[in-house]
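Understanding the architecture of this molecule
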Amino acid sequence: MSGRLLLALAIAAIGAAVVGGFLIVGGPVQGQRDKFDRQRYLELGRLARALLCEQGFRTPGSALPAELTVEALRVHCSSAGISAEDLIDDETGKPYTYARKDDHDFSVCATFHDAARTHRLNDDGWFGALFDPETGCAYGWFR
């Protein structure tokens, strides 16, 4: 009888560990959401870098592009390195939202499952300062 009791306790412990793991990590659904949110975060970072054009050639006195397209970004910043895929949310197939507030101020936004979690898990320093997890937007000022 004690062997069966020990086996039952071992099975219960394994079951509790599996359930606990799903509660902590979130399971496959949370993993899929995290994957899409991470991709959104990385793409917003690429777009912000292209809009800021910190490492490419730009015409002195130039302004932000009127719209967010690959062609407009390449004209704006010679080294933008943006592809058409960077402009589109992989999960929804919709383009990211770009707002040009004036010649220098911009925001680029995505709809996240959990922007705060994504920011916490993926913050790489420079982009983290531009990203607002409450809105899911990156805000920047092009000089």
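Residues numbered from 1 in each chain as written. Predicted model: local features only at pLDDT ≥ 70, side-chain atom pairs only at ≥ 80, totals over all residues. Heavy atoms only, no water.

Moving on to the sheet that holds strand β2 (residues 105-109). Taking strand neighbours across the sheet as the criterion, the four strands line up as β1-β2-β4-β3 in an open arrangement whose pairing is antiparallel. Pairing within the sheet leaves two strands with one partner each, and these edge strands are β1 (97-100) and β3 (131-132). Sheet topology places β1 next to β2; four bridges connect them, and they run antiparallel. Within the sheet, the bridge partner assigned to Ala-99 lies in β2 and is Ser-107. (Pairing = 2+ DSSP bridges. Helix = DSSP H or I, 4+ residues; strand = E, 2+ residues; numbered from the N terminus.)

This part covers the layout of surface pockets. Of the voids in this model, the largest pocket is the one considered here, and its volume is about 170 Å³. Taken together, 13 residues make up the lining of the largest pocket; nearest its centre are Arg-40, Asp-89, Thr-92, Ala-110 and Thr-111. Residues that form the lining of the largest pocket fall into these classes: five nonpolar, four polar and four charged. (1 Å grid on protein atoms, 1.4 Å probe; cavity = no way out; pocket = protein on both sides within 12 Å on 5 of 7 lines; lining within 4 Å. Points joined across faces, edges and corners; volume = space filled by probe spheres on them. Nonpolar A, V, L, I, M, F, W, Y, C, P; charged D, E, K, R; others polar.)

Let us look at the packing of aromatic side chains. All chains considered together, the criterion is met by four aromatic pairs. Ring geometry for Phe-112 against Phe-131: centres 5.4 Å apart, planes inclined by 70°, an arrangement best described as edge-to-face. With Phe-112 in the loop between β2 and α4 (115-122) and Phe-131 in strand β3, the pair connects residues that are 19 residues apart, well separated along the chain. We classify Phe-131 as buried; its relative accessible area is 5%. A ring pair is formed by Phe-127 and Phe-131, whose centres lie 5.8 Å apart and whose planes are at 40°; its orientation type is tilted. An identical accessibility class is assigned to Phe-127 and Phe-131; each is buried. Taken together, the ring pairs connect Tyr-41, Phe-112, Phe-127 and Phe-131 into an aromatic cluster. The ring of Phe-36 has Lys-35 lying over it, and the distance from NZ or CZ to the ring centre is 5.4 Å. (Phe/Tyr/Trp six-rings, centres within 6.5 Å; stacked < 30°, edge-to-face > 60°. Buried < 20%, exposed > 50% of the residue type's maximum accessible area, 1.4 Å probe, protein only. Lys NZ or Arg CZ within 6 Å of the ring centre and 35° of its normal.)

With that out of the way, let us pick up the state of the cysteines. If you walk through the whole model with that rule in mind, you get two disulfides. The disulfide that involves Cys-53 links it to Cys-77, with 2.2 Å between the sulfurs. Its S-S torsion of approximately 80° makes the covalent link between Cys-53 and Cys-77 right-handed. Taken as a pair, Cys-53 in the loop between α2 (27-52) and α3 (70-76) and Cys-77 in the loop between α3 and β1 lie far apart in primary sequence, 24 residues in all. Taken individually, Cys-53 and Cys-77 each receive the classification buried, so the pair is uniform in this respect. In this model Cys-109 forms its disulfide with Cys-137; the gap between the sulfur atoms is 1.9 Å. (Disulfide = S-S within 2.5 Å.)

What follows covers the packing of α2 against α4. Two elements in contact, α2 and α4, have axes whose closest approach is 10 Å; the angle formed by their N-to-C orientations is 70°. Here α4 runs roughly perpendicular to α2, going by the angle between their axes. Seen from α2, the contacting residues are Gln-30, Asp-34, Asp-37, Arg-38 and Tyr-41; seen from α4, they are Arg-117, Thr-118, His-119 and Asn-122. (Axes fitted to C-alpha atoms, helices over the stretch in contact; angles between N-to-C directions. Parallel < 35°, antiparallel > 145°, perpendicular 65-115°, else oblique. Contact = heavy atoms within 4.5 Å.)

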